[in-house]
Amino acid sequence: MFRGPVPAVPRLPDASAAGSNGTGNTMLYRRLHRSLVLAAAVLLPLAGCAGGNGGSALPTDPPPDPGAVAAVRQAAVPLTGAPGDLDALMAMVGDARVVLLGESTHGTHEFYAERARITRRLVEEKGFTEVAVEGEWPAAARVDRWIRGAGTDPNAAQALSGFTEFPLWMWRNAEVRELVEWMRAHNAALPAGAAPVRFRGLDVYSLFTSADEVVRYLERTDPAAAERARRRYSCFARFRGSPQAYGQAVEAGSAPSCQAQAAEQLAETMARTADAAGADDLFGAQRNASVVAGAEAYFRGLFEGVNTWNLRDRHMMATLEALLARPAADGRPTRAVVWAHNTHVGDARATHMGERGDLSLGQLARERHGEGAVLVGFTTYDGRVMAAREWGAPGEERDVRPALPGSFAALFHEAGIPAFFLPLRGRGADDPLAARRLERAIGVVYLPASERQSHYFHAVLREQFDAVVHLDRTRAVRPLVR
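Our subject in this report is the structure included herewith. (Residues numbered from 1 in each chain as written. Predicted model: local features only at pLDDT ≥ 70, side-chain atom pairs only at ≥ 80, totals over all residues. Heavy atoms only, no water.)

1. Some remarks on the sheet that holds strand β13 (residues 473–474)
Argument step 1. Within the open sheet, the three strands sit side by side as β8-β7-β13. Their pairing is mixed. Strand pairing shows two members of the sheet lacking a second neighbour, β8 (396–400) and β13, which therefore form its edges.
Argument step 2. Here two bridges tie strand β7 (residues 382–387) to β13, and the two strands are oriented parallel to one another. Of the residues in β13, the one forming a bridge with Gly383 is Thr474. (Pairing = 2+ DSSP bridges. Helix = DSSP H or I, 4+ residues; strand = E, 2+ residues; numbered from the N terminus.)

Following this line, the structure appears as structure tokens:
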């Protein structure tokens, strides 16, 4: 889900506006409606495209289906925490280059914990060496240094403190802390010459911190080039700390576009070479230069009517492909596990998002790697979640309403299995699970008063994911800061 730093744009007029069909009170609101809804961590205005009937069951919602419930019970693999309960997923992964692990909320303990359990097996048994998250490259790079025994941070919590944008609880939580502590211990125990596991950020938001990192790298390696980078990036200087103000000023004609300067610096940085000892630092500088160019386009696009969702997911895919293109430290092909929201991980072509012209990271991964990309969605029926009441507000433990009748989560609840893995790949055309149903998505803002409009959309789950992990009743993540 979109959760990026957009605190300066107008808040939605009321909860119901988050699910409206795009009308607003000002020209700015109309231009930003799509991005605002996503920024508030709710989906596109799906009530409009689904009929806008205020949350009642739609004609396309399938009625209760005992056959589908029976199919779930027959195919589900219960997850109990036993050593072998993930074997079916490991078999599905096989030799895949990338496994994408989703979540239907950004604040659920069980999603993080189960993804961590899967990630540990992928690293230990399948040789995965990249953990790439829906987070910023510079902040993730700080964590990456710590798990490799470098940097100056004394502990995992301090290493995670580079994640400074709302929502702080998304990556600065006890569940992620435990994962990166395991990653550090895993790396420390590796024999000489083995490839360490790395922690990476795929997202596009960190315009200023990424620009700083490019200049900092060049100051160490080429002072003249560093001066050129400073001069180019000075185009953004008056907007430091408020990249959305940059986009608004460019659209209003009160500031020049910095697109050319960002592109020039990216081209120069990508053309640089380094010896083996400096290759990793150069790669980091190149990714940061790419973030600056992508962030410039993103924040400008917010005010120019550009589909910024697609821009963002294409950037994440380009970063993922850059990781996969570099051999692991021991020379083997790199394999990556991705942590992101279901709406990024799933194939958008199987959802209303795709019908509206949106793509997704999972779709792009499938197009590039075929069955070498494994897409795993995560769902829950009810429980508690860490989420804000509005954009920029503190995270709170919130009650999650029971899933709506006619939804996939309600169907899975009827199966009566507390936690399970459900393979979807290869099921026949007459599969009772092939129906188009409601799917819930909660980001960093939860709006239960308008839940049908704000958090549900239609999807064909079998086409959206290769498998689903359902955790029926869930708890909130344990934030280190809020």
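2. Quick look at helix α8 (residues 174–188)
Argument step 1. The terminal C-alpha atoms of α8 lie 21 Å apart, and with 15 residues this matches the ideal 21 Å at 1.5 Å per residue to within 8%.
Argument step 2. Looking at α8, one finds that the buried residues are Ala174, Glu175, Val176, Leu179, Val180, Trp182, Met183, His186 and Asn187.
Argument step 3. Buried-residue contacts for α8 involve α5 (109–126), β3 (130–133), α6 (137–147), α7 (156–159), β4 (198–201) and β5 (336–339).
Argument step 4. Taking the backbone nitrogen of Glu175 as reference, a side-chain oxygen 3.1 Å away marks Asn173 as the first, capping residue of α8. (Expected span 1.5 Å × (residues − 1). Buried < 20%, exposed > 50% of the residue type's maximum accessible area, 1.4 Å probe, protein only. Contact = heavy atoms within 4.5 Å. Polar contact = N/O pair within 3.5 Å; in protein donor to acceptor, adjacent residues only side chain to side chain.)

3. So, the packing of aromatic side chains
Argument step 1. Tallied over the entire structure, the rule returns 14 aromatic pairs.
Argument step 2. With centroids separated by 6.1 Å and ring planes inclined at 75°, the aromatic side chains of Tyr112 and Trp171 adopt a geometry described as edge-to-face. Placement of Tyr112 in helix α5 and of Trp171 in the loop between α7 and α8 is noted, with a sequence separation of 59 residues between them. For the pair shown, Tyr112 and Trp171 are each scored as buried.
Argument step 3. Between Phe163 and Trp171 the ring centres are 6.5 Å apart and the planes differ by 40°, which places this aromatic pair in the tilted class.
Argument step 4. Note on Phe163: relative accessible area 4%, which makes it buried.
Argument step 5. Classification of Trp171 as buried rests on a relative accessible area of 3%.
Argument step 6. Each member of the aromatic cluster is reached from another via a ring pair, and the members are Tyr112, Phe163, Trp171 and Trp339. (Phe/Tyr/Trp six-rings, centres within 6.5 Å; stacked < 30°, edge-to-face > 60°.)

4. Points about the nonpolar core
Soluble globular proteins: nonpolar side chains tend toward being buried together.
Argument step 1. Counting residues in hydrophobic clusters, the biggest one holds 57 residues, and the most contacted among them are Val180, Met183, Phe199 and Trp339.
Argument step 2. Ignoring any residue separated from it by four or fewer positions in sequence, one finds Phe199 in contact with Val131, Val133, Ala140, Val143, Asp144, Ile147, Phe163, Val180 and Met183.
Argument step 3. One finds Val291, Met316, Ala336 and Leu361 within the second-largest nonpolar core, a separate group that totals 40 residues. (Core = buried A, V, L, I, M, F, W, Y, C linked by side-chain atoms within 4.5 Å.)

5. Points about helix α17 (residues 361–369)
Three or four residues apart is the spacing at which side chains of an α-helix point the same way, because the helix has 3.6 residues per turn.
Argument step 1. In terms of residue burial, α17 counts as a mostly covered element, since seven of its nine residues are buried.
Argument step 2. All buried positions along α17 are accounted for by Leu361, Gly362, Gln363, Leu364, Ala365, Arg366 and His369.
Argument step 3. Of the surrounding secondary structure, the elements contacted by the buried residues of α17 are β2 (98–101), α14 (308–325), β5, α15 (342–345), β6 (373–379) and α20 (461–464).
Argument step 4. In the segment just after α17, Gly370 is the residue with positive phi, at about 60°.

6. Some remarks on the environment of Glu439
Argument step 1. By secondary structure assignment, the location of Glu439 is in strand β10 (residues 437–440).
Argument step 2. On the accessibility criterion, Glu439 (4% relative accessible area) is buried.
Argument step 3. C-alpha separation for the pair Glu439 and Phe457, spaced 18 residues apart in sequence, amounts to 5.5 Å.
Argument step 4. Aside from chain neighbours lying at most four places away, what touches Glu439 is Asn342, Phe408, His455, Tyr456, Phe457, Ala459, Leu461, Gln464 and Phe465.
Argument step 5. Within the structure, the side chain of Glu439 is placed 3.3 Å from the side chain of Gln464, a separation counted as a polar contact.

7. Description of the state of the cysteines
Argument step 1. Per the counting criterion, the structure on display carries one disulfide.
Argument step 2. Linked covalently through their sulfurs, Cys235 and Cys258 form a disulfide whose S-S length is 2.0 Å. The disulfide joining Cys235 to Cys258 has a torsion of about -85° about its S-S bond and is therefore left-handed. Residue Cys235 is located in the loop between α10 (223–233) and α11 (243–252), and its partner Cys258 is located in the loop between α11 and α12 (259–270); the two are separated by 23 residues in the primary sequence.
Argument step 3. Since its relative accessible area comes to 0%, Cys258 is described here as buried. (Disulfide = S-S within 2.5 Å.)

8. What about empty space enclosed by the protein?
Argument step 1. Taken as a whole and judged by the stated rule, the model has three cavities of 30 Å³ or more.
Argument step 2. One number sums up the size of the largest cavity: a volume of about 70 Å³.
Argument step 3. Across the lining of the largest cavity, the residue classes tally to four nonpolar, four polar and two charged. (1 Å grid on protein atoms, 1.4 Å probe; cavity = no way out; pocket = protein on both sides within 12 Å on 5 of 7 lines; lining within 4 Å. Points joined across faces, edges and corners; volume = space filled by probe spheres on them. Nonpolar A, V, L, I, M, F, W, Y, C, P; charged D, E, K, R; others polar.)

9. What to know about the pattern of salt bridges
Argument step 1. As enumerated under the stated definition, the model contains 41 salt bridges in all.
Argument step 2. When the shortest N-O distance is used, the salt bridge between Glu125 and Arg121 registers 2.8 Å. Here Glu125 and its partner Arg121 are both found in helix α5, four residues apart, which amounts to about one turn of the helix.
Argument step 3. Given a relative accessible area of 46%, Glu125 falls into the partly exposed group.
Argument step 4. Judged by its relative accessible area of 13%, Arg121 is buried. (Salt bridge = Lys/Arg side-chain N within 4 Å of Asp/Glu carboxyl O.)

10. Here we look at the packing of helix α9 (residues 207–221) against α10
Argument step 1. Look at α9 against α10: their axes get within 6 Å of each other, and the N-to-C directions meet at 160°. The orientation of α9 with respect to α10, classified from their angle, is roughly antiparallel. As α9 packs across α10, the resulting crossing turns out to be left-handed. Contacts from Ala211, Val214, Val215, Leu218, Glu219 and Thr221 in α9 reach Pro223, Ala225, Ala226, Ala229, Arg230 and Tyr233 in α10.
Argument step 2. For the contact of α9 with α10, a count of residues per class yields nine nonpolar, one polar and two charged. (Axes fitted to C-alpha atoms, helices over the stretch in contact; angles between N-to-C directions. Parallel < 35°, antiparallel > 145°, perpendicular 65-115°, else oblique. Left-handed = near helix turned anticlockwise from the far one by under 90°.)

11. Some details on unusual backbone geometry
Argument step 1. The residue after Phe166, namely Pro167, is reached through a cis peptide bond having omega 0°.
Argument step 2. Inspection of the secondary structure puts Pro167 in the loop between α7 and α8.

12. A word on the packing of α5 against α8
Argument step 1. Close contact between α5 and α8 brings their axes to 9 Å; oriented N to C, the two are set at 15°. Judged on the interaxial angle alone, α8 and α5 are roughly parallel. Like other packed secondary-structure pairs, α5 and α8 cross with a definite hand, here right-handed. In contact with His109, Tyr112, Ala116, Thr119, Arg120, Val123 and Glu124 of α5, α8 contributes Glu175, Val176, Leu179, Trp182 and His186.

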